[in-house]
Amino acid sequence: MSGLGGGYPSDLTDEQWALVEPLLPPARVGPKGGRREKHPRRRIVDAIFYVVRTRCAWRQLPKDFAPWPTVYWYFTWWHDHGTVERIHDALRGQVREADGRDVEPSAGLIDSQSVRTADTVPAATRGFDAGKRVKGRKRFIVTDTLGLLLAVHGAAASVQDRDGAMRPLLWTRLDYPGVRKVWADQGFAGRLVEWNARILGRDLEVLRKDHGQRGFQVQPKRWAVERTFSWLTAHRRLARDYETSPAHSETMIRWAMIGIMVRRLTRGRAATRPGPRHLVRQSSQTTRRPLTDGCCCR
């Protein structure tokens with residue numbers, strides 16, 4: 001770890017920062033470019049990851065980061081100028097190459113997730129998902145077969161899957177022309193399949209549950225996009241939608257995926273989870289420590 005910050009678990013390591021730093025835009029300095037940047041870019045990025053991982057409000061950022069208005073200014077600047085998308089897409093290509101895949105994907109997966117929203121989210125951008133009984137927003141994501149993000153779209157939870165999926169499918173068609181086929185669950189069946197074939201010239205295959213299936217079962221191919229949602233909701237900021245703008249919600253998702261990918265690129269091995277911790281019982285013969293003279297517990 002670098003000595004720049006307080007050593008939070010969300011901070012980037014030196015190796016991870018070396019992947020992100022070259023992808024950031026150059027500093028705007030000079031006679032007409034504004035003042036020289038006062039705070040290290042690394043601490044700005046670490047502060048954004050701190051918000052994404054901990055669900056911290058911008059105003060509640062620890063004092064050892066840059067002032068929260070500065071961090072939020074960089075967040076919106078990099079959002080408005082497409083910096084976050086460029087960083088995300090460059091890292092996704094590196095992850096695919098490291099996994100022995102082509103940089104450009106040839107197939108995708110689409111799914112949606114309804115999440116509750118904070119009371120600060122405007123009512124005009126949220127709705128009620130009657131199927132999942134959730135009042136809030138709905139996230140539509142398209143991933144490759146590794147579960148890496150290709151497109152994301154935020155909408156009110158009241159939007160039907162077959163309607164909300166049109167935008168991310170269109171963006172996938174324009175940005176990744178090599179994606180010829182996309183798999184989806186039965187919530188996307190109906191006119192969306194015909195629209196995708198007629199307008200986009202792509203195949204949308206609906207994977208249905210087995211006859212007589214009860215409860216949850218892992219479905220072939222689609223498990224990767226379900227796993228992506230579990231990756232995202234492990235970030236507390238994404239367990240609920242706190243962003244005033246749906247576009248900022250989409251950027252938060254991309255920041256989460258950036259963090260996932262830099263850890264994957266620098267880990268050098270498969271991810272592992274700590275095993276169960278066994279409780280060590282103390283022997284009944286253990287001698288209790290006597291009360292000291294200064295103890296007030298009598």
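Residues numbered from 1 in each chain as written. Predicted model: local features only at pLDDT ≥ 70, side-chain atom pairs only at ≥ 80, totals over all residues. Heavy atoms only, no water.

### Concerning the packing of helix α6 (residues 166-175) against helix α7 (residues 191-200)
At step 1: Viewed as axis vectors pointing N to C, α6 and α7 meet at an angle of 30 degrees, and their least axial separation amounts to 11 Å. In terms of their interaxial angle, α6 and α7 are classed as roughly parallel. Crossing of α6 over α7 shows right-handed handedness. Seen from α6, the contacting residues are Met166, Leu169, Leu170 and Arg173; seen from α7, they are Leu192, Trp195, Asn196 and Leu200.
At step 2: Broken down by class, the residue content of the contact of α6 with α7 amounts to six nonpolar, one polar and one charged. (Axes fitted to C-alpha atoms, helices over the stretch in contact; angles between N-to-C directions. Helix = DSSP H or I, 4+ residues; strand = E, 2+ residues; numbered from the N terminus. Parallel < 35°, antiparallel > 145°, perpendicular 65-115°, else oblique. Left-handed = near helix turned anticlockwise from the far one by under 90°. Contact = heavy atoms within 4.5 Å. Nonpolar A, V, L, I, M, F, W, Y, C, P; charged D, E, K, R; others polar.)

### Section: the packing of helix α3 (residues 68-80) against helix α10 (residues 246-267)
At step 1: Contact pair α3 / α10: the axes reach a minimum separation of 11 Å and the direction vectors enclose 95 degrees. Regarding the angle of α3 to α10, the classification is roughly perpendicular. Counted together, Tyr72, Phe75, Thr76, Trp78 and His79 of α3 and Ala247, His248, Thr251, Met252 and Trp255 of α10 form the full contact between these two elements.
At step 2: Partitioning the contact of α3 with α10 into residue classes produces six nonpolar, four polar and no charged.

### Let's talk about the packing of aromatic side chains
Each aromatic ring pair is characterised by the separation of its centres together with the angle its planes make.
At step 1: For the structure shown, the criterion picks out 13 aromatic pairs.
At step 2: Seen in terms of ring centroids, Trp73 and Trp77 are 5.2 Å apart; in terms of plane orientation they differ by 35 degrees. Their pairing is tilted. Of this pair, Trp73 and Trp77 both sit in helix α3, four residues apart, roughly one helical turn.
At step 3: Among the residues examined, Trp73 registers a relative accessible area of 40% and is labelled partly exposed. (Phe/Tyr/Trp six-rings, centres within 6.5 Å; stacked < 30°, edge-to-face > 60°. Buried < 20%, exposed > 50% of the residue type's maximum accessible area, 1.4 Å probe, protein only.)

### What about the side chain of Ser10?
At step 1: Topologically, Ser10 is positioned in the segment before α1 (14-20).
At step 2: In this structure Ser10 touches Asp46, Phe49, Tyr50 and Arg53, once residues within four positions along its chain are discounted.

### A closer look at a nonpolar patch on the surface
At step 1: A cluster of nonpolar side chains, Leu170, Trp171 and Leu174, forms an exposed patch at the surface whose accessible area comes to about 280 Å².
At step 2: For Leu174, the position within the fold is in helix α6.
At step 3: Accessibility expressed as a relative area gives 59% for Leu174, which makes it exposed. (Patch = residues over 30% accessible without salt bridge, like charges linked within 9 Å, V, L, I, M, F, W, Y side chains within 5 Å. Areas by Shrake-Rupley, 256 points an atom, 1.4 Å probe, with all protein chains shown as cover. Salt bridge = Lys/Arg side-chain N within 4 Å of Asp/Glu carboxyl O.)

### A closer look at helix α4 (residues 83-98)
At step 1: Between its first and last C-alpha atoms α4 spans 23 Å; for 16 residues at 1.5 Å apiece the expected length is 22 Å, and the two agree.
At step 2: The set of residues buried in α4 consists of Thr83, Val84, Ile87, His88, Leu91, Arg92, Gly93, Val95 and Arg96.
At step 3: Buried residues along α4 sit in contact with α1, α3, β4 (149-156) and α10.
At step 4: Gly100, located one to two residues past α4, shows a positive phi value of around 80 degrees. (Expected span 1.5 Å × (residues − 1).)

### Overview of the confidence of the model for the chain
At step 1: Confidence in the prediction for the chain averages 89 pLDDT; 83% of positions are at 70 or higher.
At step 2: Looking over the chain, one finds the lowest element-wise mean pLDDT in strand β6 (residues 203-207), namely 94, and the highest in β4, namely 98. (pLDDT = per-residue confidence, 0-100.)

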